[in-house]
Amino acid sequence: MIADTVEEGQGRKIVVEKSTVPVKAAESISNILRHNIKPGVTFQVLSNPEFLAEGTAIEDLLKPDRVLIGGEETEEGKEAISALGEVYRHWVPQERIITMNTWSSELSKLAANAFLAQRISSINSMSAVCEATGADVSEVAEAIGRDTRIGPKFLQASVGFGGSCFQKDILNLVYISECLNLPEVAEYWSQVVSFNNFQRFRFSQRIVECLFNTITDKKICLFGFAFKKNTGRVAKGDTRESAAIYIAKHLLDEGARLSIYDPKVTQQQMMMELTQPNISPESPERIHNLVTCHSDPYSAAEGAHAVVVCTEWDEFVTLDYARIYNTMTKPAFLFDGRKILDHENLIKIGFHVETIGKRLHRKNIERSWN
């Protein structure tokens, strides 16, 4: 325990809370320390949430958009805030260091991730409308992104967000809202997660429908298993809450056989994710019988009825898709869940191509007016 490591008479100490935590966590830490304090020692607990994104963490640390420091609104608290701010001022401009009370700092981290996830679910909701009407979600995203009040970031439609932070932080916000007797607020934010789940299901169901409404015993190749490119710990792709897991679950539930290739995720990691009780509640052995993992994309796609791009790894853009097409079962389908490929070229090769937020062969639809 922190209090046990400080000897008597050592004066003022600062405890910095870095991780994303529930609002009022710093207050709880302070209360614990206060009841275990030694003579001649005082503690100040500061909230200093990190805003590091996987894949750009070092750059985010060296050149942060902002640094938040939250503390008590007392003289001692202000002195502690100033002391931590002095550390950051060695490489961060003063105008990017924002000070506030502890609760504001803790809530700001949750709010930031909730707003980013909300943008993704918002553009993904538009992708469904675009597919139904013949609009192109990329064109819509560019149009609304030119509005300076909105901006262009996080408007790339896809199979949905993943990773360890977005869903966790939104559900944390939902829980806080429910505890504060704000059910409408809780429902609002829970819909962001609900739509993300729907987007994954909608994409995987589209695969089933395009393959003539049955994929029983059909081989489907997944390109990518990490939740996004350039992620991972110790050179392993990060698969936490990856959309690929849930797409794989749906396809397996429909009776498909899967072959998976990811340049960073190991076979052990893939199998661990797919044999989790919430993914494979019946028999993990079934997963080992239906799923094969490959060390190169060409062997993974050989004999497949469809290729599904689940992660936007750069190497997927430069693959020899003519070679892939020649080894696949015909008709050969390609589902681009990340909108990274040259769809017109793939169609020329012979693929039946489907992507997010765009129908590559537009058709008239009947509109019903209420």
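These remarks concern the structure in this document. For every chain, the first residue of its written sequence is number 1, and the numbers climb from 1 along that sequence. Side-chain atom pairs in this predicted model are given and counted only at pLDDT of 80 or more, local residue features only at pLDDT of at least 70, and totals for whole chains, interfaces and linings cover all residues. As a rule here, side-chain values come from all non-hydrogen atoms in the structure, and water together with hydrogens is ignored.

**With respect to the pattern of salt bridges**
Part 1 of the reasoning: The salt bridge criterion pairs a side-chain nitrogen of Lys or Arg with a carboxyl oxygen of Asp or Glu, the two atoms within 4 Å. Counted by the stated rule, this structure contains 16 salt bridges.
Part 2 of the reasoning: With a shortest N-O distance of 3.1 Å, R89 and E86 are connected by a salt bridge.
Part 3 of the reasoning: Burial classification: accessible surface area is computed with a 1.4 Å probe over protein chains only, and a residue below 20% of its type maximum counts as buried, one above 50% as exposed, and the rest as partly exposed. Since its relative accessible area comes to 31%, R89 is described here as partly exposed.
Part 4 of the reasoning: Residues R257 and D217 are paired through a salt bridge, measuring 3.2 Å at the closest nitrogen-oxygen approach. Here the residue R257 occupies a position in strand β6 (residues 257-261), and D217 occupies one in the loop between α7 (183-210) and β5 (219-223), the gap between them amounting to 40 residues.
Part 5 of the reasoning: Taking relative accessible area as the criterion, R257 reaches 32% and is therefore assigned partly exposed.
Part 6 of the reasoning: It is possible to trace a salt-bridge network through shared partners that takes in E131, R202, R206 and E354. Going along the chain from the N terminus, every DSSP run of H or I of four or more residues is numbered as a helix, and every run of E of two or more is numbered as a strand.

**Some remarks on the pairing of β6**
Part 1 of the reasoning: Here β6 lies mainly inside the structure; four of its five residues are buried.
Part 2 of the reasoning: The rule for pairing is simple: two strands pair if DSSP sees at least two bridges between them. Of the pairings in the sheet, the one linking β5 to β6 comprises five bridges and is parallel in character. Note on β6: the bridge partner recorded for C221 is S259.
Part 3 of the reasoning: Where β6 meets strand β7 (residues 291-294), four bridges bridge the pair, whose relative direction is parallel. Each bridged residue has a counterpart across the sheet, and for I260 the counterpart in β7 is C293.

**Considering the environment of F198**
Part 1 of the reasoning: Relative to the assigned elements, F198 resides in helix α7.
Part 2 of the reasoning: With a relative accessible area of 38%, F198 lands in the partly exposed category.
Part 3 of the reasoning: Sequence separation between F198 and Y298 is 100 residues, and the spatial gap between their C-alpha atoms is 30 Å.

**Structural notes on unusual backbone geometry**
Part 1 of the reasoning: Of note, the amide linkage connecting K330 to P331 takes the cis form, showing an omega dihedral of -5 degrees.
Part 2 of the reasoning: Here P331 is to be found in the loop between α12 (321-327) and β9 (333-336).
Part 3 of the reasoning: Even without a glycine there, the phi angle at F212 is positive, about 65 degrees.
Part 4 of the reasoning: Tracing the sequence through the fold places F212 in the loop between α7 and β5.

**Brief notes about helix α5 (residues 137-145)**
Part 1 of the reasoning: Buried within α5 we find V137, A141 and G145. Taken end-on, α5 shows its buried residues confined to a sector of 70 degrees, consistent with a single buried face.
Part 2 of the reasoning: Only heavy atoms enter the contact rule, under which two residues are in contact if any of them lie within 4.5 Å. Tucked into the core, α5 has its buried residues touching α4 (102-133). This arc is built from the directions going out from the helix axis to the C-beta atoms.

**Structural notes on the layout of surface pockets**
Over the atoms a probe the size of a water molecule is rolled, and this reveals where empty space is left.
Part 1 of the reasoning: Estimated volume of the largest pocket: approximately 1600 Å³.
Part 2 of the reasoning: Points on a 1 Å grid, built from protein atoms alone, make a cavity when a 1.4 Å probe fits but cannot get out and make a pocket when they are open with protein on both sides within 12 Å along at least 5 of 7 lines; residues with an atom within 4 Å of a point are the lining residues. Looking at the largest pocket, it is lined by 46 residues, and the ones nearest its centre are A53, L116, F154, F166 and K228.
Part 3 of the reasoning: Sorting the residues of the lining of the largest pocket by element identifies α2 (57-62), β3 (67-71) and α4 as the ones contributing at least two each.
Part 4 of the reasoning: Take the lining of the largest pocket: its biggest share by element is six residues, from α4.
Part 5 of the reasoning: When residue character is reported, Ala, Val, Leu, Ile, Met, Phe, Trp, Tyr, Cys and Pro are called nonpolar, Asp, Glu, Lys and Arg charged, and the others, Gly included, polar. Of the residues in the lining of the largest pocket, the class split is 21 nonpolar, 11 polar and 14 charged.
Part 6 of the reasoning: Grid points are joined across faces, edges and corners, and a volume is the space filled by probe spheres set on the points. Its boundaries defined by the atoms lining it, the second largest pocket holds a volume of some 270 Å³.
Part 7 of the reasoning: Along the walls of the second largest pocket sit 16 residues, with K13, T42, F43, Q44 and E76 positioned nearest its centre.
Part 8 of the reasoning: Contributions of two or more residues to the lining of the second largest pocket are made by β1 (11-17), α1 (25-34), β2 (41-47) and α3 (75-88).
Part 9 of the reasoning: Across the lining of the second largest pocket, the residue classes break down as seven nonpolar, three polar and six charged.

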